[in-house]
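# A structural walkthrough
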Amino acid sequence: MPENEEIIRLNEVYKIFGPQPRGRAFDLAKDGVHKDEVQRQSGHVVGLSNVSFSVQKGEIFVVMGLSGSGKSTAIRTVNKLHDVTSGEVLVDGVDVQRLEGKELQAFRREKMGMVFQHFALFPHRNVTDNVAYGLKVQKVDRTEREAAAMKALQLVGLGAYADNATSELSGGMQQRVGLARALASDPDILLMDEAFSALDPLIRRQMQDELMAIQDEVHKTILFITHDLNEALRIGDRVCIMKDGVVVQIGTPEEILTQPATGYVAEFVQDVDQGRVIKVEEVMVPPDPVHIDAEFGEVVKALVDVGERLVVDASGKCAGLVTRSDVERVATQGVPTLASAMRTDVPIAIPSQTLNELYADAGKGLPIACCDESGRLVGRMDPTAVLEELGRVEALADAFEREVYM
Ligand SMILES: Nc1ncnc2c1ncn2[C@@H]1O[C@H](COP(=O)(O)OP(=O)(O)O)[C@@H](O)[C@H]1O
Ligand SMILES: [Mg+2]
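Residues numbered from 1 in each chain as written. Chains lettered and ligands numbered in written order. Predicted model: local features only at pLDDT ≥ 70, side-chain atom pairs only at ≥ 80, totals over all residues.

### What about the overall build of the protein chain?
Applicable threshold: By the criteria applied, helices consist of DSSP H or I runs no shorter than four residues and strands consist of E runs no shorter than two, each listed in order from the N terminus. We call two residues in contact whenever the C-beta atoms placed from their backbones are within 7 Å.
In terms of regular secondary structure, the protein chain is built from 17 helices and 16 strands. Dimensions of the protein chain, computed from C-alpha atoms along their principal axes, come out at roughly 85 × 65 × 40 Å. In the protein chain, once contacts between residues fewer than 6 apart in sequence are set aside, the share between residues at least 24 apart is 65%.

Encoded structure:
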């Protein structure tokens, strides 16, 4: 985070839903009455109660909380999809609540891109048209908007899919199109509401990695909403934890883990991985195996850019592993074959296993084959990825235990 400059600020924001938001419900909320009690007494729903936070330029600020805690309501005050009942919302010094009509539209377009859980893409238009759509609405000419769309697609790794219909893409890829669309107009701020929540754990983790990599390149300010504490701690520079419409803690991931502000946060944190609940399926990558019947020449080619490949048999089961040095060793023999180069002592994990069970296997330095119950190869894990993931989490967990139990 280079600049220490505030770009978004919510100041004592209240949002009450119901026919008379500024009536009795608001008075009760101001007195700190819990939202359930406000609802009982007034029939109104407290969306936000005295919410204040500020987001610095260039940071990933994550708002995390269970469903109904007010996360979406909070993010919607930033682009004025919601009016607030009381309080102030500032974006780059502008009092958002005062904006109306064309001015508001222009402000949203120029300042922020939005990504939601549901991609809201046009299924039959191609990827480029989807990404360039916002620019088209802004009457940016065709050449310029297509260039901007392509640049954004390259950022999210979809340059090759520019002409595909979005309906042909997987969920993860569609979400990347959504991200590219938000990036295309080069806004300062990205608002992401549960953007990855509908994705499979494996794809989800890849998207988190990718978002962090993209952020290293584009240095946006990202306001990211999630109900998943793991996700929050993984990608957030700072995390704001909400419960029942109020902010319970704001801090860096380390602070949240080591100095939970309330029993509520502490309980949450106890459930977080600490190495014990990161599952193989969250970390594994597509297996990209070679087939056991492959020509030796093909195998050699497959080992040009990767040091090792898993090998599958005709039924998709893992048959073994072949490394570049194995191939080099047998290459000088009469008729070199994959069978003679391959080894069969491959460490195997199942997707539902947790990473801490794989320490020993990861220590062997070979890729770990991830196989489902029927033995079919569904993923691979590189030993360094396992050790890194465990190391990162353990450092946090150690600190957590030191602070909390001593
Ligand atoms: N338009 C609305 N009308 C009435 N109540 C709403 C509306 N939007 C949200 N709420 C309520 O406000 C609270 C916070 O909702 P929301 O911000 O969507 O939570 P989250 O995104 O954290 O799941 C919930 O109790 C929800 O039922
Ligand atoms: Mg929500």
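### Brief notes about the sheet that holds strand 5 (residues 94-95)
As a reminder, the rule being used: In this scheme, strands are said to pair when DSSP sees at least two bridges between them.
The strand order 2-1-4-5 describes an open sheet built from 4 strands, whose pairing is antiparallel. Each edge of the open sheet carries a strand with a single partner, namely strand 2 (45-56) and strand 5. In this structure, strand 4 (residues 86-91) lies alongside strand 5, joined through 2 bridges in antiparallel fashion. Counterpart to Leu-90 in the pairing with strand 5 is Asp-95.

### Remarks on the site of ligand 1
Formally: Here, nearness means that the C-beta atom of a residue, built from backbone geometry, sits within 6 Å of the molecule or strand in question. Each residue is assigned to one class: nonpolar for Ala, Val, Leu, Ile, Met, Phe, Trp, Tyr, Cys and Pro, charged for Asp, Glu, Lys and Arg, and polar for all the others, Gly among them.
Around ligand 1 lies a shell formed by Phe-17, Val-45, Gly-47, Gly-65, Ser-67, Gly-68, Ser-69, Gly-70, Lys-71, Ser-72 and Thr-73. Elements supplying a minimum of two residues to the shell around ligand 1: strand 2 and helix 3 (71-78). For the shell around ligand 1, the element with the most residues is helix 3, which contributes 3 residues. Of the residues in the shell around ligand 1, the class split is 2 nonpolar, 8 polar and 1 charged.

### Thoughts on helix 2 (residues 35-42)
In plain terms, the rule: Burial in this document is a count-based property: other C-beta atoms within 10 Å of a residue's C-beta are tallied, and the residue is buried at 20 or more, exposed at 12 or fewer, or partly exposed in between, with C-beta positions derived from the backbone. Relevant arc is that of directions from the helix axis to the C-beta atoms, nothing else.
The complete set of buried residues in helix 2 reads Lys-35, Val-38 and Ser-42. Buried residues of helix 2 fall within an arc of 55° about the axis and therefore sit on the same side. Among the exposed residues of helix 2, those pointing more than 90 degrees away from its buried face are Asp-36, Glu-37, Arg-40 and Gln-41. Packing partners of the buried residues in helix 2 comprise helix 1 (24-30) and strand 2. One or two positions beyond helix 2, positive phi appears at Gly-43, with a value near 70°.

### A closer look at the nonpolar core
Cut-off, in case you're wondering: Think of a nonpolar core as buried Ala, Val, Leu, Ile, Met, Phe, Trp, Tyr and Cys residues, each tied to the set through C-beta atoms within 7 Å.
Ranked by internal contacts, the top residues of the largest apolar core, which has 75 residues, are Val-62, Val-131, Ala-152, Ala-180, Ala-184, Leu-191 and Leu-223. Beyond its immediate stretch of four places on either side in the chain, Leu-191 contacts Ile-75, Val-78, Asn-79, Met-112, Met-114 and Leu-223. In this structure, Ala-319, Val-322, Leu-358 and Ala-369 belong to the second largest nonpolar core, which totals 31 residues.

### Quick word on the domain arrangement of the protein chain
Accessible area lost during the coming together of the parts is what is often quoted as the interface size. What counts, and what does not: Domain ranges listed in this record stem from an automatic or a database domain assignment.
What the domain assignment lists for the protein chain is domain 1 (6-122 + 188-271) and domain 2 (280-389). Domain 1 and domain 2 are separated by 42 Å when their C-alpha centres are compared.

### Here's the deal with the pairing of strand 4
As defined by bridge partners, strand 1 (residues 6-17) adjoins strand 4 across 5 bridges and the pair is classed as antiparallel. Residue Asn-11 lies in a different strand from strand 4, and its bridge partner there is Glu-88. Between strand 4 and the antiparallel strand that follows it, strand 5, lie 2 residues; Asp-92 among them carries a positive phi value of about 50°.

### Some points on unusual backbone geometry
Phi is positive for Asp-92, close to 50°, though the residue is something other than glycine. Here Asp-92 shows up in the loop between strand 4 and strand 5.

### Looking at the sheet that holds strand 3 (residues 60-64)
What counts here: Note on definitions: angles span 0 to 180 degrees between N-to-C directions of axes, and those axes are lines fitted to C-alpha atoms, for helices only across the stretch in contact.
Read from one edge of the open sheet, 6 strands run 6-7-8-3-9-10, paired in mixed fashion. With one partner strand each, in any of the chains shown, strand 6 (112-116) and strand 10 (246-251) form the two edges of the open sheet. Across this sheet, the average inter-strand angle for adjacent strands is 15°, counted without regard to direction. Each of strand 3, strand 7 (189-193), strand 8 (221-226) and strand 9 (238-243) is contacted by helix 3, which is oriented at about 155° to strand 8, the strand it contacts most.

### Here we look at the environment of Gly-320
Tracing the chain through its elements places Gly-320 in strand 13 (residues 318-323). Residues Gly-320 and Thr-344, spaced 24 residues apart in sequence, show a C-alpha to C-alpha distance of 4.3 Å. Beyond its immediate stretch of four places on either side in the chain, Gly-320 contacts Val-311, Met-342, Arg-343, Thr-344 and Val-346.

### As for the packing of helix 5 (residues 127-137) against helix 6 (residues 142-155)
Relative orientation and spacing of two packed helices are given, respectively, by the angle between their axes and the distance between those axes. Here is the rule: Just so you know how the angles are binned, under 35 degrees is roughly parallel, over 145 roughly antiparallel, 65 to 115 roughly perpendicular, and the rest oblique. In this scheme the handedness of a crossing depends on how the near helix is turned from the far one: anticlockwise by less than a right angle means left-handed, clockwise means right-handed.
It is the contact of helix 5 with helix 6, at a shortest axis distance of 9 Å, that shows an interaxial angle of 120°. Here helix 5 lies oblique to helix 6, going by the angle between them. The chirality of how helix 5 crosses helix 6 is right-handed. Within the contact between the two elements, helix 5 uses Val-127, Thr-128, Val-131, Ala-132, Leu-135 and Lys-136 and helix 6 uses Arg-145, Glu-146, Ala-148, Ala-149, Ala-152 and Leu-153.

### Re the confidence of the model for the protein chain
This is how the line gets drawn: Per-residue confidence from the predictor is given as pLDDT, running between 0 and 100.
For the protein chain, mean pLDDT is 89; residues scoring 70 or higher make up 93% of the total. With pLDDT under 50 throughout, residues 396-406 is counted as low confidence; its partners more than four residues away or in other chains account for 13 contacts.

### Digging into the packing of helix 7 (residues 171-184) against helix 8 (residues 201-218)
In contact at an axis separation of 11 Å, helix 7 and helix 8 are set at 20° when each is read in the N-to-C sense. With respect to helix 8, the element helix 7 is oriented roughly parallel. Remark: the crossing between helix 7 and helix 8 carries right-handed chirality. Here helix 7 contributes Gly-171, Gly-172, Gln-175 and Leu-183 to the contact with helix 8, which in turn contributes Ile-203, Gln-206, Met-207 and Val-218. When the residues that make up the contact of helix 7 with helix 8 are grouped by side-chain class, the tally is 4 nonpolar, 4 polar and no charged.

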